[in-house]
Structures are given as C-alpha cells and as structure tokens.
Amino acid sequence: LDAHAHEVGVILFEPQWGSSQAAYPWPKKLLKTCISKSKARGIRIVCDEIMCGLGRHGLGTIFVSKALDLDPDAVTFGKAIGGGVYPIAGAI
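Report follows, based on the coordinates. Just so we're clear, the structure is a prediction, and the values are computed from it rather than from any experiment. Along every chain, residues carry numbers that run from 1 in the direction the sequence is written. Given that the model is predicted, a residue must reach a pLDDT of at least 70 before its local features are reported, and side-chain atom pairs must reach 80 or more before they are shown or counted; all residues, however, enter totals for whole chains, interfaces and linings. The side-chain values count all of the structure's non-hydrogen atoms but skip hydrogen atoms and water molecules.

### Considering the nonpolar core
- Note on terminology: a nonpolar core comprises buried Ala, Val, Leu, Ile, Met, Phe, Trp, Tyr and Cys residues joined through side-chain atoms within 4.5 Å. We call a residue buried when its accessible area falls under 20% of the maximum for its residue type, exposed when it is over 50%, and partly exposed in between, using a 1.4 Å probe and counting protein chains only. Formed by 15 residues in total, the largest nonpolar core has its most connected members in F13 and L70.
- Every helix listed is a DSSP run of H or I at least four residues long, and every strand listed is a run of E at least two residues long, numbered separately from the N terminus. Listed by contribution, the elements that provide at least two residues to this core are β1 (10-13), α1 (28-40), β4 (44-49) and β5 (74-77).

### What about unusual backbone geometry?
- A positive phi angle is found at D69, which is not glycine, with a value near 55 degrees.
- Take D69: it is sitting in the loop between α2 (64-67) and β5.
- The backbone of D71 sits at a positive phi, close to 55 degrees, despite the residue not being glycine.
- For D71, the location among the structural elements is in the loop between α2 and β5.
- On the basis of relative accessibility, which here comes to 55%, the residue D71 falls in the exposed class.

### Thoughts on the side chain of D48
- Examined against the element boundaries, D48 turns out to sit in strand β4.
- It only takes one pair of heavy atoms within 4.5 Å for two residues to be counted as in contact. With residues near it in sequence (within four places) discarded, D48 still touches L12, F13, E14, P15 and T76.

Interpretation in functional terms is not warranted from these geometric data alone.
The following block contains the structure:
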C-alpha cells in the first residue's frame, strides 16, 4: 500500500463472503486495519453490500459494515431492496 497509495483512489470490498446463513464476514481486525491504513493515506473505502446488505447477513443490523463498526466512506446495496423482482440498487 505504501508503494502504490498515490495510484489508488478507492478500495471497494465485500465485507462478507457468500450470502444468507452460509456466509462469513471477513475477520473484523483485518478489515479495520485495512480501512485505517487506507484512510491514513487518503484512500476512500466503499463496502459492497449488494448481496449481504439490508439485513441479509444475519448479524442483527442493516449492514455488515455497521455490525462490524467499519466506518466506510460509502456503502452499496441492492438485491433485497427490489425484493428479487425489481433491478434496483443504491449507495449511501
């Protein structure tokens, strides 16, 4: 990261692998370390929660990033907002 931080504007990652109850979040310490090191270098963080957001992850919050206290700059969401019927997504 130190060697290429000047070439990176955003890091986009999914905070959880898989979907539904067969899914696993990345280790919280790993994510928090990656986020803090990136933000210290001026790199923005986006959590891609298209598949696992809006409570589809089983951690008791709307987003995995909220459950893990990750503090990303933006969060993407989809799938659940359209109920599997409408192709709609968003970002906050």
